[in-house]
Every structure is written in C-alpha cells, then in structure tokens.
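Structural features, examined
Take a look at the letters that make up each chain.
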Amino acid sequence: MTERIRVVVIDDSTVIRGGFATVHPDLDVVATFPTVEDFEASGVDCDVVVLDLLLRGPQRATSTTTKQGRAAIRALRERGLKVCLYTDERRPIVLALCLRAGAQGVVHKADPPHVTMQAVQDVHADRVVVTQSLVGLTELLDRRGAKLDLSARQRQVISGRARGRHWADIASTLYITEDTAREHYRVACRKLRDYLQHTSPGDIERAVGLAPGDVLDEE
C-alpha cells in the first residue's frame, strides 16, 4: 500500500480547515492551522504544506504580525518544507513572485479535488505546479526574450497548454506521446521557477512590460 502524503493546511477559513480532509481523502491531513505562527509553534511535521496566500480572517484584519504571502512562503521554505499554494489569487505576476519566493506549486480553491490532489503529489515529488495563468506568463516571458532556455518542443507544448488544448490534442499534433508532452511541460515549468528565483525584480518588470517599481521584492 502506498504511504499517504502527510499534509498540513494553513488557512484562515474555518470551512476550509474543517473540510479539506473530507474533500481530499487520499491525503493524510495531519493538522490544520489558521496562521503560520500557530504551525511553527506546534512542532507538527509534514511532507507538504498547503498554504493560503492571504491569511486575514475577520479577527485578524488589523494584525500586522501575521506572516502571509511571500513572507509566509519564505518562512516555511527556511524550515525545509515544500509549499503548495491553495488560493483564489489569479494575477500571474503575483503568483510568479510566489514561485520566486520558493513555492513549488499553485492550485486554485475552485479547482476540482483531483486537481488539488495531483498538485500536492507533484509538489511532494519535487515537480513544479503552475496554473493556466502562469502558463500564459511563461509564453509571454519567452517571447519577450527572458532567458528561460526553453527548447522548441517545450515552447510548442507551453503554447498549446496556454490556449487550453488537451494533452491528447497536443500530443497528436506534435507526433509524441501524452507522457512525453507532459514531461516537456514539467521541464518548462521548472525552468520558469528557476528563472524567477534567479532574476531580479527589475528584470522581471522589463520582461513582463511593467513600469519600474511595479514588482516589489518584499511584501
């Protein structure tokens, strides 16, 4: 029997904390917490942290001490933990900066449970998981000369996924197997994260076409 992945959920929503294990029964949810600080104080160990991007519950609306966003990602990564964001945020540049901060995956709360399950499995296996919006950002960065070092085949697969094409369609068009197409995609996603982690905010601004100062290195 395959050992289940041990997951800690950090989310300020009591509904999500209470229901995550029920909706994702194949994951071993060992604990849930409303803040990163509560998790850090607990001593609980896990394989993957499923982290909400914004931790501002009603009772914490005025708090200036709660770690959230990139600060929360950095704090967890400094502990050697793998982080999969579980968020409603869809702005590509915000999600890209979360990858830059050390998150290994992004999944949306509106996604079906099997998508979240697969994302957690991929993060646990050291794969990079990106959303549809980040796939489009990858294509944009590549077209604008960002040093992603994508191969021609990786560009073709990314282009197909950015347009919502199914794996079978992409594989058929490129005369490759679906597994090969998925592997090209995984490598391209890893290259995106590596680019973001080793590129200055100014270079990201120029590549995306933002004005100086639009991308902040700190929260």
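Fair warning: this is a prediction, and the values are worked out from it, not measured in the lab. (Residues numbered from 1 in each chain as written. Predicted model: local features only at pLDDT ≥ 70, side-chain atom pairs only at ≥ 80, totals over all residues. Heavy atoms only, no water.)

A word on the overall build of the protein chain. When helices and strands are counted, the protein chain shows ten helices and five strands. Evaluated residue by residue, the protein chain yields a buried proportion of 47% over its 219 residues. Pairs at least 24 residues apart make up 61% of the contacts formed inside the protein chain by residues separated by at least 6 positions. As presented, the protein chain carries roughly 11,000 Å² of accessible surface, and 49% of it is formed by carbon and sulfur atoms. (Helix = DSSP H or I, 4+ residues; strand = E, 2+ residues; numbered from the N terminus. Buried < 20%, exposed > 50% of the residue type's maximum accessible area, 1.4 Å probe, protein only. Contact = heavy atoms within 4.5 Å. Areas by Shrake-Rupley, 256 points an atom, 1.4 Å probe, with all protein chains shown as cover.)

Strands sit in the order S2-S1-S3-S4-S5 across an open sheet of five strands; the sheet is parallel. Each edge of the open sheet carries a strand with a single partner, namely strand S2 (28-33) and strand S5 (105-108). On average, each strand axis in the sheet is inclined to that of its neighbour by 25°, with strand direction left out of account. Most of the contacts of helix H1 (residues 14-23) go to S2, to which it runs at about 180°, and overall it touches strand S1 (6-10), S2, strand S3 (48-51) and strand S4 (82-87). Contacts from helix H5 (residues 113-124) reach S1, S3, S4 and S5, with the element oriented near 160° to S4. (Pairing = 2+ DSSP bridges. Axes fitted to C-alpha atoms, helices over the stretch in contact; angles between N-to-C directions.)

This brings us to the environment of Leu53. Tracing the chain through its elements places Leu53 in the loop between S3 and helix H3 (69-78). A sequence separation of 35 residues divides Leu53 from Asp88, and the C-alpha atoms of the two residues are 8.2 Å apart.

Considering all chains together, one arrives at 16 salt bridges under this definition. Between Glu40 and Lys67 there is a salt bridge whose closest N-O contact spans 3.1 Å. Of this pair, Glu40 sits in helix H2 (residues 36-42) while Lys67 is found in the loop between S3 and H3, placing the two residues 27 residues apart along the sequence. Its salt-bridge partner being Glu183, residue Arg186 comes within 3.3 Å of it at the nearest N-O pair. Separated by three residues within a single helix, Arg186 and Glu183 lie in helix H9 (residues 178-197), roughly one turn from each other. Given a relative accessible area of 27%, Arg186 falls into the partly exposed group. Because the salt bridges share partners, they merge into one network encompassing Arg6, Asp45 and Asp47. (Salt bridge = Lys/Arg side-chain N within 4 Å of Asp/Glu carboxyl O.)

Right, let's get into the UniProt feature "modified residue: 4-aspartylphosphate" (unreviewed entry) in the protein chain. Those residues carrying the UniProt feature "modified residue: 4-aspartylphosphate" (unreviewed entry) are Asp52 in this numbering. Judged by relative accessible area, which is 6%, Asp52 ranks as buried. Those residues in contact with Asp52 that lie beyond four places of it in its chain are Ile10, Asp11, Asp12, Tyr86, Thr87 and Lys109. (UniProt positions renumbered as here; feature names shortened; annotations may be inferred.)

On to the packing of H3 against helix H4 (residues 92-101). Remark: H3 packs on H4, axes separated minimally by 9 Å, with the N-to-C direction vectors making an angle of 25°. Our classification of the angle between H3 and H4 gives roughly parallel. Of the two possible hands of crossing, H3 and H4 adopt the one that is right-handed. Counting all contacts with H3, which are made through Arg70, Ile73, Arg74 and Arg77, the residues of H4 involved are Leu97, Cys98 and Ala101. (Parallel < 35°, antiparallel > 145°, perpendicular 65-115°, else oblique. Left-handed = near helix turned anticlockwise from the far one by under 90°.)

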